[in-house]
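One letter stands for each residue in the lines below.
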Amino acid sequence: FLLAKIPSDLGRIVDIIKQYYDQRNKIVARIPHLDPVYYELGSRSKTRNLIPAYLALCYEGNPDGKAVEAFCKFFLGFGRALMYDQRTGYRPGNWQIVGASALFRLGAVFSYLKEASSWRKCALEIMKAHLKRDFFEDGCHKERCWSYGGMSLEGILDFYEVGKRLKTLSASDENIFLKHI
């Protein structure tokens, strides 16, 4: 990851995370039912980009305790919020696919957290439902929109890749993903 090679950039990202974390409860939601920090689309994007930054911070050898705390609490917040979003079960569309992918990533990367296995299990159940219900035989996403379909497929690919690399998918689950991919 490039941040490990460019410490000044890592320092800027750490500063942003500290500021963001400190202000997370002051950010006003423009859409009342969507938390501007922890909603599914944002969580997907933030976890994909911030987990490597966190790992680079840890790799540097002597990370600032407040930075580590901000990152860890941030990731825990993402996981808990994403888990809460899944409480109603399957919902059609790209939001839940990428949210489930982010939840799985958090549960796989931070496997030592007591909630991690339940995050992975929930995310896997949700993703399997999407694999069965969200795509036509021709492979197109049911929203029939290039960007939504592409985002959905990318979420599925992310999910599979994380599971494969971190060995958190069973062989039968890997086969289910490969069949659909």
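Residues numbered from 1 in each chain as written. Predicted model: local features only at pLDDT ≥ 70, side-chain atom pairs only at ≥ 80, totals over all residues. Heavy atoms only, no water.

Student: I keep staring at the overall build of the chain and nothing clicks. Help me out?
Tutor: Broken down by element type, the chain carries 7 helices and 0 strands. Counted from the first residue to the last, the chain has its helices and strands arranged as α-α-α-α-α-α-α. Relative to the compact-globule value of 16 Å for 181 residues, the chain shows a C-alpha radius of gyration of 17 Å, a close match. Referenced to the eigenvectors of the C-alpha coordinate spread, the extents of the chain come out at roughly 50 × 40 × 30 Å. For the chain, buried positions account for 41% of its 181 residues. (Helix = DSSP H or I, 4+ residues; strand = E, 2+ residues; numbered from the N terminus. Rg over C-alpha atoms; globule rule 2.2 N^0.38 Å. Buried < 20%, exposed > 50% of the residue type's maximum accessible area, 1.4 Å probe, protein only.)

Student: What am I meant to see in the state of the cysteines here?
Tutor: By definition, a disulfide links the sulfur atoms of two cysteines through a covalent bond. Applying the stated criterion across every chain, the model contains 0 disulfides. Cys 72 carries a free sulfur, and the closest cysteine sulfur to it, the one in Cys 58, is 6.9 Å from it. The class for Cys 72 is partly exposed, based on a relative accessible area of 29%. We note that Cys 140 lacks a disulfide partner, and the nearest cysteine sulfur, in Cys 145, lies 9.0 Å from it. According to the relative accessible area criterion, Cys 140 is partly exposed, its value standing at 26%. (Disulfide = S-S within 2.5 Å.)

Student: I would appreciate a short explanation of the nonpolar core in the present structure.
Tutor: Ranked by internal contacts, the top residues of the largest apolar core, which has 42 residues, are Phe 71, Phe 74, Phe 75, Leu 106, Phe 159 and Phe 177. Residue assignment for this core shows that the elements contributing at least two residues are α1 (7-23), α2 (40-59), α3 (65-85), α4 (94-109), α5 (116-133) and α6 (146-165). (Core = buried A, V, L, I, M, F, W, Y, C linked by side-chain atoms within 4.5 Å.)

Treat this as a map of the structure, not an account of what it does.
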